[in-house]
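Read off the chains here:
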Amino acid sequence: MGNPSNQTQDGIVRRVVSNHPPVFNEGWVYCDAPLERLRQRSSSHSLVHGPDHQPCTTVLDYYTHRYRHSDRATWQQRIESGQVRLNDQPTTADTPLAPGQRLSYHRPPWLEPPGPLDIDTIYEDEVLLVGNKPSGLPVLPGGNFLQNTLLWRLRQHCPTAAPIHRLGRGTSGLMLIAKTKAARAHLSQQMRQRQLGKRYRALIGASDVPDQFTVSQPIGKIPYPQLGHIYGAAEDGLEAHSDCVVIQRRPKATLLDVTILTGRPHQIRIHLASVGYPLLGDPLYIAGGQPHPEATAIPSDCGYWLHAHRLSFIHPAGELMHLICEPPPTLNRRN
């Protein structure tokens with residue numbers, strides 16, 4: 001969990017504000033089919049192969065190599081305490097894995113980090129919802145977040161709710177949510193065909209970038225010790241395209257309007273960093289679009305300034321929708 005506030009070069013602090021005290025959640029069960037994972041890792045030097053050339057490993061080896069957020073000693077303690085089960089039965093750390101087995105990690109209830117949980121509705125009807133996600137609220141469960149997420153809260157009122165796209169935890173603004181399976185299929189197809197129009201407000205440091213410029217740096221997975229890998233600028237990555245327009249130049253900051261035609265993870269953060277101008281307050285990405293070499297931050301840490309400002313799409317009923325969500329004052333044009 002990163003520092004909940006970061007001082008930007010413009011003298012502005014980005015805070016994650018919550019009026020909701022942290023509470024214990026109900027715990028969760030994480031299920032795995034280890035053989036499928038092991039086949040994907042069959043070339044790893046850390047795995048031993050049997051006479052039939054299938055990778056062989058133990059329960060402890062699997063969790064240690066697959067989930068690096070916890071060390072080997074921690075996983076061994078969890079296995080020994082009965083939190084890990086094999087085919088729904090107690091197991092041991094040195095039990096070898098075989099084809100067709102199922103592992104489950106029964107994570108006990110934990111105290112989730114606080115975060116803003118109130119979501120303003122921008123538009124809603126019987127098949128979809130567009131909300132203003134606050135900075136600091138994760139979209140999906142992950143890490144230390146389970147119930148303090150956008151998806152969890154939505155599904156308390158609409159069990160079939162599904163986000164059509166994602167925003168980083170530190171990003172605020174427009175989120176498109178399908179409330180029915182039919183709407184999800186319709187909107188997801190638009191997402192795949194790049195028919196969703198998404199424009200953002202972003203804040204970088206004082207710069208000499210052109211008034212208009214395009215970034216097309218490929219984005220892919222790169223090694224990262226804390227998590228195994230993260231996304232960053234990678235020449236062998238997937239294509240990515242961002243169109244940027246300078247909205248305002250300030251003494252210590254530059255306000256941008258950014259339109260993305262692709263939706264790679266952390267695309268705007270990586271793209272602006274790749275041209276030498278990371279988002280102000282970004283605790284992870286530095287110039288070049290890579291994580292800081294001594295970084296301990298993770299992608300969900302907050303501090304940067306990014307807001308999903310405009311969204312356009314075709315409603316399942318056929319109507320072209322254009323929605324706007326006003327950015328916070330720091331990301332608004334100043335007089």
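Above this text you will find the structure in question.
Please read all numbers here as calculations on a predicted model, not as lab measurements. (Residues numbered from 1 in each chain as written. Predicted model: local features only at pLDDT ≥ 70, side-chain atom pairs only at ≥ 80, totals over all residues. Heavy atoms only, no water.)

Caption draft 1: Region of the structure containing the pattern of salt bridges. The full count for this structure, using the stated rule, is seven salt bridges. When the shortest N-O distance is used, the salt bridge between Glu239 and Arg194 registers 2.9 Å. Here the residue Glu239 occupies a position in the loop between β16 (228-233) and β17 (242-249), and Arg194 occupies one in the loop between α5 (181-192) and β13 (197-205), the gap between them amounting to 45 residues. Residue classification places Glu239 among the partly exposed positions, given a relative accessible area of 47%. Among the salt bridges present, the one from Arg249 reaches Asp211, with a minimum N-O distance of 2.9 Å. Of this pair, Arg249 sits in strand β17 while Asp211 is found in the loop between β13 and β14 (212-215), placing the two residues 38 residues apart along the sequence. (Salt bridge = Lys/Arg side-chain N within 4 Å of Asp/Glu carboxyl O. Helix = DSSP H or I, 4+ residues; strand = E, 2+ residues; numbered from the N terminus. Buried < 20%, exposed > 50% of the residue type's maximum accessible area, 1.4 Å probe, protein only.)

Caption draft 2: Spotlight on the packing of aromatic side chains. For the coordinates displayed, the defined rule picks out seven aromatic pairs. Relative to Trp75, the ring of Tyr67 has its centre 6.3 Å away and its plane inclined at 50 degrees; by these criteria the two rings are tilted. Residue Trp75 is classed as buried on the basis of its relative accessible area, which comes to 1%. Here Trp75 and Tyr105 contribute two aromatic rings whose centre-to-centre distance is 5.1 Å and whose plane-to-plane angle is 75 degrees, an arrangement assigned as edge-to-face. Taken together, the residues span a long stretch of sequence, with Trp75 in helix α3 (residues 72-80) and Tyr105 in strand β8 (residues 103-107) at a distance of 30 residues. Joined through ring pairs, the aromatic side chains of Tyr30, Tyr62, Tyr63, Tyr67, Trp75 and Tyr105 make up one cluster. Over the aromatic face of Trp75 sits the side chain of Arg78, whose NZ or CZ is 4.6 Å from the ring centroid. (Phe/Tyr/Trp six-rings, centres within 6.5 Å; stacked < 30°, edge-to-face > 60°. Lys NZ or Arg CZ within 6 Å of the ring centre and 35° of its normal.)

Caption draft 3: Representation of the sheet that holds strand β6 (residues 84-86). Read from one edge to the other, the open sheet built from four strands follows the order β3-β8-β6-β7, with strand pairing classed as antiparallel. Because the sheet does not close on itself, it has two edges, and the strands there are β3 (28-32) and β7 (89-90). Sheet analysis places β6 next to β7, joined by two bridges and oriented antiparallel. Considered in β7, the bridge of Leu86 is made with Gln89. Along the sheet, helix α2 (residues 59-66) makes contact with β3, β6 and β8, crossing β8 at roughly 65 degrees. (Pairing = 2+ DSSP bridges. Contact = heavy atoms within 4.5 Å. Axes fitted to C-alpha atoms, helices over the stretch in contact; angles between N-to-C directions.)

Read these as geometric descriptors, not functional statements.
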